[in-house]
Amino acid sequence: MTAAISADGIRQRYGDVQAVDGVSLTVEAGEFYGILGPNGAGKTTTLEILEGIRKPDEGRIELLGLAPWPRNKKLLPRIGVQFQASAFFNKLTARETIRNFGSFYGVGPKRADAMLERVGLTESAGVMTDKMSGGQAQRLSIACALVHDPELVFLDEPTTGLDPQARRNLWDLLRTINAEGRTVVLTTHYLDEAEVLCDRVSVMDHGKILRTGAPAALVREIDDTVRISVESGLLTAERTRELLAAVGAEVAAVDDDGVSLSVSTRLPGPVLSVLAEQNALRGLEVRGATLEDVFLQLTGREYRA
C-alpha cells in the first residue's frame, strides 16, 4: 500500500533562519501521526510544505502518491486542513460557513449540516462566527476540514486554548475520524494529547526531526527511572542529595523548581525511606517516565518565546 505521506530531505529557509532542515518522514495510510516540538521548531512550516501550501527550497514530497506542489487539483478533494489560526467571514453563521466550505467541493447543505451535528455545533448553527467561543470556533474549523470526507487530514494545534472538557470532546472526535480509516497528522504542544491519540510521533527542534516512534517506545528508550516529587520547601535540593548519598541511594537527578522537589531514581525504596524519616512526604507523587520527559530530554528545558 502506498504511504499516505512520503517526504525526503525537506528544507526551507527564511533569510538567515533555517526553519526546516532536512526533514524526512513517512506516514502510513490510516495512521495517527504526531509532530511535536517547542515554539519555532519548524512544525507549522513542515505541515504547510506537506499540505502543498508552501514550496520547499529542497526536498521531495508525495501525498497519496501525488506531488502536492505545484498546487495539485487532484489532491485537494482528498485532503483536509485545519490551520493553527482560522479566519471565517464574521457576518456568516456557523451553518452558512460550513455550507460555504462544502460548496467548494460539491457537498450539499444536508451533508454540511450533518457535519455540524457531528462536531456538536447544531445548537450553535445560527451563531455568527465572530460571536463563537474558542472551543466552538475550533470545532467549526475541524468541521470545515472534514466536510468533503477527505482521506488525509492535517490538524495544526487543534485544541490550543480549549478547556479540559472541550479538549477531551475533540479527542473523541479525532479518534473516531481516524478509526473510520482516515490518516491524521497532528501538531500539538500537549504531550498528553499526543500520548493518548498518536500511533507514532516525531519530535522536532531547530528544523530537524530528532526522534520518531510510538510514544510508549520512546518513553522506554530514555530509561526506567521513577520520578518522586514532594512539596518544595520541605528539604533543599542540596540537603536531599547529602541525605541520599549518606545511605548510598542511586539517584539520577535532584531538582527543585520552587513548586516541587523531585528526585529521579531507578530504586525508589531508599529515596522514599529518607523522605519519610525527614517527615518530607507532603504532596508525594511517584510516577514513571512520560512523553514529556522524552520531549524535554531531546529539546531541553530552556524557555522558548
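A short tour of the structure in this document, coming up. (Residues numbered from 1 in each chain as written. Predicted model: local features only at pLDDT ≥ 70, side-chain atom pairs only at ≥ 80, totals over all residues. Heavy atoms only, no water.)

### Some remarks on the packing of helix H2 (residues 94-103) against helix H4 (residues 134-146)
So, step 1. Across the interface, H2 lies against H4 with an axial gap of 9 Å and an inter-helix angle of 25°. Comparing the axis directions of H2 and H4 gives the class roughly parallel. At the point where H2 passes H4, the crossing takes the right-handed sense. Of H4, the residues touching H2 (which contributes Ala94, Thr97, Ile98 and Phe101) are Leu140, Ala143 and Cys144.
So, step 2. Partitioning the contact of H2 with H4 into residue classes produces 6 nonpolar, 1 polar and no charged. (Axes fitted to C-alpha atoms, helices over the stretch in contact; angles between N-to-C directions. Helix = DSSP H or I, 4+ residues; strand = E, 2+ residues; numbered from the N terminus. Parallel < 35°, antiparallel > 145°, perpendicular 65-115°, else oblique. Left-handed = near helix turned anticlockwise from the far one by under 90°. Contact = heavy atoms within 4.5 Å. Nonpolar A, V, L, I, M, F, W, Y, C, P; charged D, E, K, R; others polar.)

### Quick word on the nonpolar core
So, step 1. Counting residues in each nonpolar core, the largest one holds 42 residues, and the members touching the most others are Ile98, Leu140 and Leu291.
So, step 2. Counting residues per element, this core draws most heavily on helix H5 (residues 164-179), at 6 residues.
So, step 3. When residues no more than four places from it in sequence are discounted, the contact partners of Leu291 are Leu36, Leu191, Ala194, Glu195, Val201, Pro215, Leu218 and Val219.
So, step 4. Among the nonpolar cores identified, the runner-up in size contains 24 residues, and Leu25, Leu75, Ile79 and Phe154 belong to it. (Core = buried A, V, L, I, M, F, W, Y, C linked by side-chain atoms within 4.5 Å. Buried < 20%, exposed > 50% of the residue type's maximum accessible area, 1.4 Å probe, protein only.)

### Let's talk about the sheet that holds strand E3 (residues 32-36)
So, step 1. Spatial ordering of the open sheet is given by E5-E6-E7-E3-E8-E9, a layout of 6 strands whose pairing is mixed. Among the strands making up the open sheet, the edge pair consists of strand E5 (79-82) and strand E9 (208-213). Averaged over all pairs of adjacent strands, the angle between strand axes in this sheet comes to 15°, irrespective of strand direction.
So, step 2. Sheet topology note: the strand E8 (residues 200-205)/E9 ladder contains 5 bridges and is antiparallel. (Pairing = 2+ DSSP bridges.)

### Considerations on the pattern of salt bridges
So, step 1. A full pass over the atoms with the stated rule returns 19 salt bridges.
So, step 2. Its salt-bridge partner being Glu180, residue Arg182 comes within 2.5 Å of it at the nearest N-O pair.
So, step 3. Taking relative accessible area as the criterion, Arg182 reaches 7% and is therefore assigned buried.
So, step 4. Look at Glu180 and you get partly exposed, because its relative accessible area is 45%.
So, step 5. Salt bridges here are not isolated pairs; linked through shared partners, they connect Arg11, Asp21, Glu58 and Lys208. (Salt bridge = Lys/Arg side-chain N within 4 Å of Asp/Glu carboxyl O.)

### Regarding the sheet that holds strand E4 (residues 58-63)
So, step 1. The sheet built from 3 strands is open, its strands ordered E2-E1-E4 with antiparallel pairing. Because the sheet does not close on itself, it has two edges, and the strands there are strand E2 (17-27) and E4. Averaged over all pairs of adjacent strands, the angle between their axes in this sheet comes to 20°, without regard to strand direction.
So, step 2. The sheet contact formed by strand E1 (residues 5-14) and E4 spans 5 bridges and is antiparallel. By the bridge assignment for E4, Asp8 is matched with Arg60.
So, step 3. Packing of helix H1 (residues 43-51) onto the sheet brings it into contact with E1, E2 and E4, and relative to E1 it is tilted by some 125°.

### So, the side chain of Thr46
So, step 1. Mapping Thr46 onto the fold places it in helix H1.
So, step 2. For Thr46, a relative accessible area of 0% gives the class buried.
So, step 3. With residues up to four places along the chain from it excluded, the contact list for Thr46 reads Val20, Val23 and Met204.

### Re unusual backbone geometry
So, step 1. Here the residue pair Trp69 and Pro70 is connected by a cis peptide bond, since its omega of 0° sits within 30 degrees of zero.
So, step 2. Even without glycine at this site, Asp149 takes up a positive phi of about 60°.
So, step 3. You can see Asp149 is positioned in the loop between H4 and strand E6 (152-156).
So, step 4. Asp149 gets classed as partly exposed once you look at its relative accessible area, which sits at 45%.
So, step 5. In the Ramachandran plot, His206 falls in the positive-phi region, its phi being about 50° despite a non-glycine side chain.
So, step 6. Among the structural elements, His206 can be located in the loop between E8 and E9.
So, step 7. Looking at His206, the relative accessible area reads 56%, which means it is exposed.

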